[in-house]
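Architecture at a glance
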Amino acid sequence: MKTTSVKLASLSLASLVAVLLLGVVQAHALSLTTDANAILANGSIDWGALGGDRTQLSQSFSATVNGIAGLEAVVSKASPGPMEIRVQGSSWAGNFGTGETLLWTMHTDGPMILDFNAGVNGVGAQIQSNYYGDFLATIEAFDLTGASLGAYTVLGRSDDDGNDSALFLGVLSDLPNIDKIAFNVTRGSAAGGNDFAINGPVVNGQPTPAPVPEPATLLLVGSGLVGAAFARRRRN
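So, here is what we can say about the structure in this document. (Residues numbered from 1 in each chain as written. Predicted model: local features only at pLDDT ≥ 70, side-chain atom pairs only at ≥ 80, totals over all residues. Heavy atoms only, no water.)

For the rest of this paragraph, the subject is the overall build of the chain. Helices and strands together make up the secondary structure of the chain, namely two helices and 14 strands. Residues classed as buried in the chain amount to 36% of the 236 residues present. Considering only intrachain contacts with a sequence separation of at least 6, the fraction spanning at least 24 residues in the chain is 73%. (Helix = DSSP H or I, 4+ residues; strand = E, 2+ residues; numbered from the N terminus. Buried < 20%, exposed > 50% of the residue type's maximum accessible area, 1.4 Å probe, protein only. Contact = heavy atoms within 4.5 Å.)

See the structure below:
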């Protein structure tokens, strides 16, 4: 009887620990949003700051996140070749808002990757296939170690309405643990490729912390202050 009681107690404790751990995981779970307002953005990337319409950019380049001090992203894509800036209603006949500046994978497949220099809580952008019709859009988030935090695939529709109806695809976390985001589009066996464009991503994040001085640097700074105080006393 005692042995049975001990086993049951151990089982109950193990179950309790499992439930608590599950609660922690769920509390910090990644979530999908197709509503731009859910990001509560305090930062954004403006592709237009990198060049005018039809400007070609390299396969990998840096972009500033406006509104969040010190935050930047390295933007790249898996396929070789440049990317290109396009403008809805001018060089891009899609369903973004008229005049929006876009970044296009330029006849090559994704994913398109945004690798931030600090963790953020949320990222999202509107996305459209370069070929009209239905498509599947995927967003995946990664932490600082490169581990996937989760991936989501959503059905989108590509057309030339120019009415800001392009699919918004974003992810949210209650921790600033999103280090990297990958956008992608697949169209299955449909004619045409899997190239796509996104508009300027919106970001919810915090300013990147200032570098902490090394102890030796602090010592030198302290010595300088002491020396300055001593010099002032001598002058007095």
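With that out of the way, let us pick up the side chain of arginine 86. Residue placement: arginine 86 occurs in strand E6 (residues 83-87). Looking at arginine 86, its side chain comes within polar contact range of the main-chain oxygen of serine 91, at 2.8 Å. Those residues in contact with arginine 86 that lie beyond four places of it in its chain are Asp53, Arg54, Ser91, Trp92, Glu100, Thr101, Leu102 and Trp104. (Polar contact = N/O pair within 3.5 Å; in protein donor to acceptor, adjacent residues only side chain to side chain.)

Our focus in this paragraph is the pairing of strand E10 (residues 148-158). Here strand E9 (residues 133-142) runs beside E10; their pairing, made up of ten bridges, is antiparallel. Bridge pairing in E10 links aspartate 134 to arginine 157. (Pairing = 2+ DSSP bridges.)

This part is about the nonpolar core. Grouped together as the largest cluster of nonpolar side chains are 37 residues, with contacts concentrated most on Val75, Phe116, Ile127, Ile181 and Phe183. Counting only elements with at least two residues in this core, the list comes to strand E4 (60-64), strand E5 (72-77), E6, strand E8 (112-129), E9, strand E11 (167-172), strand E12 (178-186) and strand E13 (196-198). A per-element tally of this core places E8 first, with eight residues. Setting aside anything within four residues of it in sequence, one finds isoleucine 181 in contact with Met112, Ile113, Leu114, Phe116, Val123, Ile139, Glu140, Ala141 and Val171. One finds Phe96, Trp104, Met106 and Ala166 within the second-largest nonpolar core, a separate group that totals seven residues. (Core = buried A, V, L, I, M, F, W, Y, C linked by side-chain atoms within 4.5 Å.)

Moving on: the pattern of salt bridges. Pairs may arise between side chains of opposite charge once their charged atoms sit close together. In this structure the tally under the stated criterion is two salt bridges. Residue arginine 86 is joined to glutamate 84 by a salt bridge in which the shortest nitrogen-to-oxygen separation is 2.6 Å. Of the two residues, arginine 86 and glutamate 84, both sit in the buried class. Across the salt bridge formed by aspartate 134 and arginine 157, the nearest N and O atoms sit 3.1 Å from each other. In this pair, aspartate 134 is assigned in strand E9 and arginine 157 in strand E10, connecting sequence segments 23 residues apart. Overall, aspartate 134 belongs to the partly exposed group, its relative accessible area being 45%. (Salt bridge = Lys/Arg side-chain N within 4 Å of Asp/Glu carboxyl O.)

As judged from the two bridges shared by strand E2 (residues 43-44) and strand E14 (residues 202-205), these two strands associate in the antiparallel manner. The residue of E14 that forms the bridge with glycine 43 is valine 203.

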